[in-house]
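# What the coordinates show
Each chain is listed here by its residues.
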2 protein chains.
Amino acid sequence: MAILVMKFGGTSVADLDRIRNAAEKVKREVEAGWKVAVIVSAMAGETNKLVGYVRSVSSLYDAREYDAIVASGEQVTSGLMALTLQEMGVPARSWQGWQMPMRTDAAHGAARIEEVDTAAMLAKFEEGFDVAVCAGFQGLAPGNRIATLGRGGSDTSAVAIAAALDAERCDIYTDVDGVYTTDPRLEPSARKIERIAFEEMLELASQGAKVLQTRSVELAMRYKVPLQVRSSFSDEPGTIVCDEEEIMESNVVTGVAFSRDEAKITVQDVEDRPGVAAAIFGPLAEANVNVDMIVQNISDDGRTDMTFTVHLDDFERARATIDGARESIGYAGLVADRDVAKVSVVGIGMRSHTGVAQRMFSALANDGVNIQVITTSEIKVSVLVQRKYMELAVQALHAAFGLAGEARAG
Amino acid sequence: MAILVMKFGGTSVADLDRIRNAAEKVKREVEAGWKVAVIVSAMAGETNKLVGYVRSVSSLYDAREYDAIVASGEQVTSGLMALTLQEMGVPARSWQGWQMPMRTDAAHGAARIEEVDTAAMLAKFEEGFDVAVCAGFQGLAPGNRIATLGRGGSDTSAVAIAAALDAERCDIYTDVDGVYTTDPRLEPSARKIERIAFEEMLELASQGAKVLQTRSVELAMRYKVPLQVRSSFSDEPGTIVCDEEEIMESNVVTGVAFSRDEAKITVQDVEDRPGVAAAIFGPLAEANVNVDMIVQNISDDGRTDMTFTVHLDDFERARATIDGARESIGYAGLVADRDVAKVSVVGIGMRSHTGVAQRMFSALANDGVNIQVITTSEIKVSVLVQRKYMELAVQALHAAFGLAGEARAG
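In this convention, every chain numbers its residues from 1, walking through the sequence in written order. Key to labels: chains lettered from A, ligands numbered from 1, both in the order written. Local features in this predicted model are restricted to residues of pLDDT 70 or higher, and side-chain atom pairs are both shown and tallied only at a pLDDT of 80 or more, whereas totals for entire chains, interfaces and linings draw on every residue. The basis for the side-chain values is all heavy atoms of the structure; hydrogens and waters are excluded.

In this section: the overall build of chain A. A run of H or I in DSSP becomes a helix once it reaches four residues, and a run of E becomes a strand once it reaches two; helices and strands are each numbered from the N terminus. For chain A, the count of helices and strands is 13 helices and 18 strands. For a compact globule the rule gives 2.2 Å times the number of residues to the power 0.38, and the radius of gyration it is set against comes from C-alpha atoms. Its C-alpha atoms give chain A a radius of gyration of 24 Å, near enough to 22 Å, the size a compact globule of 410 residues would have. With respect to the three principal axes, the spread of C-alpha positions in chain A is 75 × 50 × 30 Å. Think of it in three bands: with a 1.4 Å probe and only protein chains considered, a residue is buried below 20% of the maximum accessible area for its type, exposed above 50%, and partly exposed in between. Looking at chain A as a whole, 55% of its 410 residues qualify as buried.

In structure tokens:
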């Protein structure tokens, strides 16, 4: 049985017309011979309305009740999508998370999927149903209660269902038409990427290209489910996110990511001894501060400086935490800079090509952009720059790595 | 375990403030020592919105999808009510129809309850939960799908849950403060009835006093669950609907009911032979026309007239049906009157008191109201009158049977 998964986000099912538009896409795939699992989000705005109700009632709400309330949005869309398909002559029915069931752990509000039972769905495909419309974002937790997967969880639902159904591909329909070499609002010559590896997509997603939920990409990578990011409002092919082995020829750099709202903290003159990093980053972890880049200067006299970056939202909490741990860390002073941004180049080609970092630094130097902090991973080089240089840095790097050229071959 | 059931309709949970108001009533009962099952409807307007979606998508919709969509309204309210109670310090959780489960038959959209499994709910009461908030109007049909009970089904849910939990009483909170001797908008001296027998309530409900769903009263009568109809917006006691044995002293007549929109059809000059009634009412039943009063005139020459009433909404369909069956019935003509109304007096005291019909006819004659058709049952006498006399007839009968007097003793 050849199965395709199609996922439609909130803006793609925002009203009855858009649901009909999405259903027409589904119908075309059915006519092409696929059995289709359609995963739907709540109608745009609905989840926010329901979350608003919950927050008005209670600040410290019971996450199990939150889940029962909020999951109703996808329940409505799944039924409406099934009816719309039926009306077009396509045999379809809706599936709630508890009906499949999609079993999750007990972490209500941010549950993890443990198992998708597809036996009942497959039996219905065999019986002649062409489409299973699945309510996204929700599953069944221990104790027979509805659990939601956290915001944006419908992408994750779609990938998990695709993996469990052994689907050929999981198409994520959204309001952008693919993954771009960088944000076209910053660099008009940015172009849509035809194929991108899971690892690259993960780096881009976590670096700020908010097209796909990081969780869903991780899951797709683990189960080798090819994804396609494409637009609900056109028929153009989108971007395929797949295993790197399925990409014939890799550019050295695939895309330029950026994160505008960063902050940098330097803990000055700490003792250069085992355990000092733990003394700094232990309290930050306990305070739920997500630390990104970390650099330790070379020690000269047994003392050193430790610099790290956090998201601007976490900045005050981070500073207060370090202040509070002053005695146990033992430092001379704190220097903070709330005026920084991070720019990264990402590409699996880096593994086999040297000189990427060098080319990056030259390009930035040519445009007079000063680099404050550098970190590297196997397929990524990131630099921290003053925020006002961010846009310039993105454009310089996009040009330096030839990203405005022709689309990469599939 | 002393269990109370409290049911709140759509206007009683129309917004977060009203949910809080309802929750305060629940809290008071918990403080008085009860374990409480709260049955909630959808927020007022929500069900209509969802039904509107369904009808826009499809005129001949799949009732299973309709049910999945529409049941979401009660899901939201049940979660919000549970959260509101928790916020007040009352241990509560929500229960969807499929979670209890409340099992129904497969008649989606108008399902009948087959069994309410209370084991899980009772176990939670034992564990320390004081309140089970149950989504009304819905259950679990064969095939693991959501079934709704039809409009107003939350009353029926409440009574079924009360019966299954062996509850002391089922309080139906609504926007009126009880059952009245007649509609106070027609007769300002109408008064609230303290206690009324199930049978009387059934006659009043089906005669037009739309306070409780007929189905829920039938169910309460079968399982001897005392009901109380009371207001969400005051603390006054309402009307107890109970077994007639629990009513010490019965008035002969308890209330005056009326139904404004009736129509009368007379099939003239049919042969007075066995099977002629079947020839008329068979086709009407097949056409789903609900026939109310039926009178056959005395035959003189082997021919007779047959008169019946239907609701005005069914009138055109009824007339067309009789037209279509003209040959098999064999009649001379049809006389139709769309300008009639029905007025009834109801009371279990009639069983042991004679002369009720006579007193009714005299009262109407004194005010010059002509009676067109009469039907009687054990505890009811109904007359058909010209519509413009309906209000006068109601007032005359309310006075004639002394209903404006003191409240009937409990």
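This next bit is on empty space enclosed by the protein. A pocket, in this scheme, is an open set of points on a 1 Å grid over the protein atoms alone with protein on both sides within 12 Å along at least 5 of 7 lines, while a cavity is a set where a 1.4 Å probe fits but cannot get out; residues line either one if an atom lies within 4 Å of a point. Grid points are joined across faces, edges and corners, and a volume is the space filled by probe spheres set on the points. A full pass over the atoms with the stated rule returns two cavities of 30 Å³ or more. Taken together, 15 residues line the largest cavity, and the ones lying closest to its centre are Glu46(A), Ser72(A), Glu46(B), Ser72(B) and Val76(B). Classification used: nonpolar for Ala, Val, Leu, Ile, Met, Phe, Trp, Tyr, Cys and Pro, charged for Asp, Glu, Lys and Arg, polar for all others including Gly. When the residues that make up the lining of the largest cavity are grouped by side-chain class, the tally is seven nonpolar, four polar and four charged.

What follows concerns the sheet that holds strand E18 (residues 380-386) of chain B. All names here are of chain B. Any two strands are treated as partners once DSSP identifies two or more bridges connecting them. With respect to topology, six strands assemble into an open sheet ordered E14-E15-E13-E16-E18-E17, the strand pairing being antiparallel. Only two strands of the sheet have a single partner each, and these edge strands are strand E14 (291-296) and strand E17 (373-377). With direction set aside, neighbouring strand axes in the sheet form an average angle of 30°. In what follows, a contact means two residues having at least one pair of non-hydrogen atoms within 4.5 Å. Note on geometry: axes are C-alpha line fits, over the in-contact stretch for helices, and angles between N-to-C directions span 0 to 180 degrees. Across the sheet, helix H13 (residues 390-400) is in contact with strand E13 (255-271), strand E16 (333-346) and E18; its angle to E13 comes to roughly 120°.

Bringing the confidence of the model for chain A into the picture now. You can read pLDDT as the predictor saying how much it trusts each residue, on a scale of 0 to 100. Confidence along chain A averages 93 in pLDDT terms, with 97% of residues attaining 70 or more. For this predicted complex, the interface confidence score (ipTM) comes to 0.83, while the overall pTM stands at 0.85.

Let us look at the packing of helix H4 (residues 72-87) of chain A against helix H2 (residues 46-57) of chain B. Between H4(A) and H2(B), the shortest axis-to-axis distance is 9 Å and the interhelical angle comes to 20°. Classified by the angle their axes make, H4(A) and H2(B) are roughly parallel. Of the two possible hands of crossing, H4(A) and H2(B) adopt the one that is right-handed. Packed against H4(A), whose contacting residues are Val76(A), Leu80(A), Leu83(A), Thr84(A) and Glu87(A), the element H2(B) presents Leu50(B), Tyr53(B), Val54(B) and Val57(B) at the interface. Residues of the contact of H4(A) with H2(B), tallied by class, amount to seven nonpolar, one polar and one charged. Should an angle fall under 35 degrees it is called roughly parallel, over 145 degrees roughly antiparallel, and 65 to 115 degrees roughly perpendicular, with every other angle called oblique. In this scheme, a crossing is called left-handed if the near helix is turned counterclockwise away from the far one by less than a right angle; it is called right-handed if the turn is clockwise.

Turning our eyes to something else, we now look at the packing of helix H3 (residues 63-70) of chain A against H4(A). Residue and element names in this part refer to chain A. Running from N to C, H3 and H4 cross one another at 25°; their axes reach a closest spacing of 5 Å. Judged on the interaxial angle alone, H4 and H3 are roughly parallel. For the pair formed by H3 and H4, the contact residues are Ala68, Ile69 and Val70 on the first element and Ser72, Gly73 and Glu74 on the second. Here the contact of H3 with H4 is composed, by residue class, of three nonpolar, two polar and one charged.

A separate point is the relation of the copies chain B and chain A. Expressed as a screw operation, the relation of chain B to chain A combines 0.1 Å of axial shift with a rotation of 180°, fitting to an RMSD of 0.1 Å. Taken together, the turn and the small shift mark the pair as related by a two-fold rotation axis. Nearest to the rotation axis, the C-alpha of Ser72(B) is located 2.7 Å from it, this being the minimum over chain B. Counting the interface residues of chain B, we find that 100% of their copies in chain A are interface residues as well, pointing to one common contact surface. A least-squares fit on C-alpha atoms brings the copies together, and the residues used are those whose pLDDT is at least 70 in both copies.

As a further point, take the domain arrangement of chain A. When its domains are assigned, chain A resolves into domain 1 (3-175) and domain 2 (256-400). Distance between the C-alpha centres of domain 1 of chain A and domain 2 of chain A: 39 Å. Those domain boundaries reflect an automatic or database domain assignment.

Listed per partner, the contact involves 37 residues of chain B and 37 residues of chain A. Buried area: the sum, over both parts, of the accessible surface (1.4 Å probe) that disappears when the two are put together. Both sides together, the interface formed by chain B and chain A hides about 3200 Å², and carbon and sulfur atoms give 59% of it. Note that Lys49(A) is salt-bridged to Glu46(B), the shortest N-O span being 4.0 Å. Residue assignment for the side of chain B that touches chain A shows that the elements contributing at least two residues are helix H1 (16-31), H2, helix H3 (63-70), helix H4 (72-87), strand E3 (92-95) and strand E8 (145-148) of chain B. Among the elements that take part in the side of chain B that touches chain A, H4(B) stands out by supplying 10 residues, more than any other. By definition here, a salt bridge exists when the distance from a side-chain nitrogen of Lys or Arg to a carboxyl oxygen of Asp or Glu is within 4 Å.

Before going further, it helps to examine the side chain of Ser58(A). Summarising the element assignment, Ser58(A) is placed in the loop between helix H2 (46-57) and H3. You can call Ser58(A) buried: its relative accessible area is 3%. The term polar contact refers here to a pair of N or O atoms within 3.5 Å; inside protein, the definition further demands a hydrogen-donor-capable atom paired with an acceptor-capable atom, and it admits residues adjacent in sequence only when both atoms are side-chain atoms. A distance of 3.5 Å separates the side chain of Ser58(A) from the backbone nitrogen of Tyr61(A), its partner in a polar contact. Of note is the side chain of Ser58(A), whose polar atom sits 2.9 Å from the side chain of Glu87(B).

Our focus in this paragraph is helix H6 (residues 153-164) of chain A. Turn by turn, an α-helix covers 3.6 residues, leaving residues three or four places apart pointing in a common direction. Residues and elements named next belong to chain A. Taking 1.5 Å of rise per residue, the 12 residues of H6 would be expected to cover 16 Å, and the 16 Å separating its terminal C-alpha atoms lies within 8% of that figure. Counted residue by residue, H6 has 10 buried out of 12 residues, so it is predominantly covered. Among all positions in H6, only Gly153, Ser154, Asp155, Thr156, Ser157, Ala158, Val159, Ala160, Ile161 and Ala162 are buried. One less than the residue count of a helix, multiplied by 1.5 Å, gives the span that helix is expected to have.

Close approach of charged atoms allows side chains with opposite charge to pair. Tallying each qualifying case throughout the model produces 49 salt bridges over all chains. Its salt-bridge partner being Arg303(A), residue Asp269(A) comes within 3.1 Å of it at the nearest N-O pair. Residue Asp269(A) is located in strand E13 (residues 255-271), and its partner Arg303(A) is located in strand E15 (residues 303-311); the two are separated by 34 residues in the primary sequence. According to the relative accessible area criterion, Asp269(A) is partly exposed, its value standing at 31%. Judged by its relative accessible area of 29%, Arg303(A) falls in the partly exposed class. Where Lys27(B) meets Glu31(B), a salt bridge forms, and the shortest distance between an N and an O atom there is 3.8 Å. A residue pair is termed a helical-turn pair when its members lie 3 or 4 positions apart in one helix, as Lys27(B) and Glu31(B) do in helix H1 at four residues. A relative accessible area of 27% places Lys27(B) in the partly exposed class.

Strand pairing in a sheet is mediated by backbone hydrogen bonds. Such pairs are either parallel or antiparallel. Residue and element names in this part refer to chain B. Across the sheet, which stays open at both edges, the eight strands sit in the order E3-E6-E2-E1-E9-E11-E12-E10 with mixed pairing between neighbours. Each end of this open sheet is capped by a strand with a single partner; those strands are E3 and strand E10 (195-197). When the angles between neighbouring strand axes are averaged without regard to direction, this sheet yields 20°. Judged from the five bridges that link them, strand E2 (residues 35-40) and strand E6 (residues 131-135) form a sheet pairing that is parallel. Paired with Val40 across the bridge in E6 is Ala135. Sitting on the sheet, helix H6 (residues 153-164) touches strand E1 (3-8), E2, E6, strand E9 (169-174) and strand E11 (227-231), and the angle it makes with E2 is about 160°.

Only rings of Phe, Tyr and Trp enter the pairing, Trp through its six-membered ring, and a pair is recorded when the two centres are within 6.5 Å. The plane angle decides the type: under 30 degrees is stacked, over 60 is edge-to-face, the rest tilted. Overall, the coordinates contain seven aromatic pairs over all chains when judged by the stated rule. Ring centres of Phe8(B) and Tyr173(B) lie 4.7 Å apart, and the angle between their planes is 20°; on these two criteria the pair is classed as stacked. With a gap of 165 residues between them, Phe8(B) in strand E1 and Tyr173(B) in strand E9 connect regions that are remote in the sequence. Each member of the pair, Phe8(B) together with Tyr173(B), is buried. Taken together, a centroid distance of 5.4 Å and an interplanar angle of 75° make the contact between Phe281(B) and Phe308(B) edge-to-face. Of this pair, Phe281(B) sits in helix H9 (residues 276-286) while Phe308(B) sits in strand E15 (residues 303-311), and the two are 27 residues apart along the sequence. Note on Phe281(B): relative accessible area 16%, which makes it buried. Our definition puts a charge over a ring when NZ of Lys or CZ of Arg is within 6 Å of the ring centre and also within 35 degrees of the ring normal. Between Arg93(A) and the ring centre of Trp95(A), over which it is positioned, the NZ or CZ distance is 3.7 Å.

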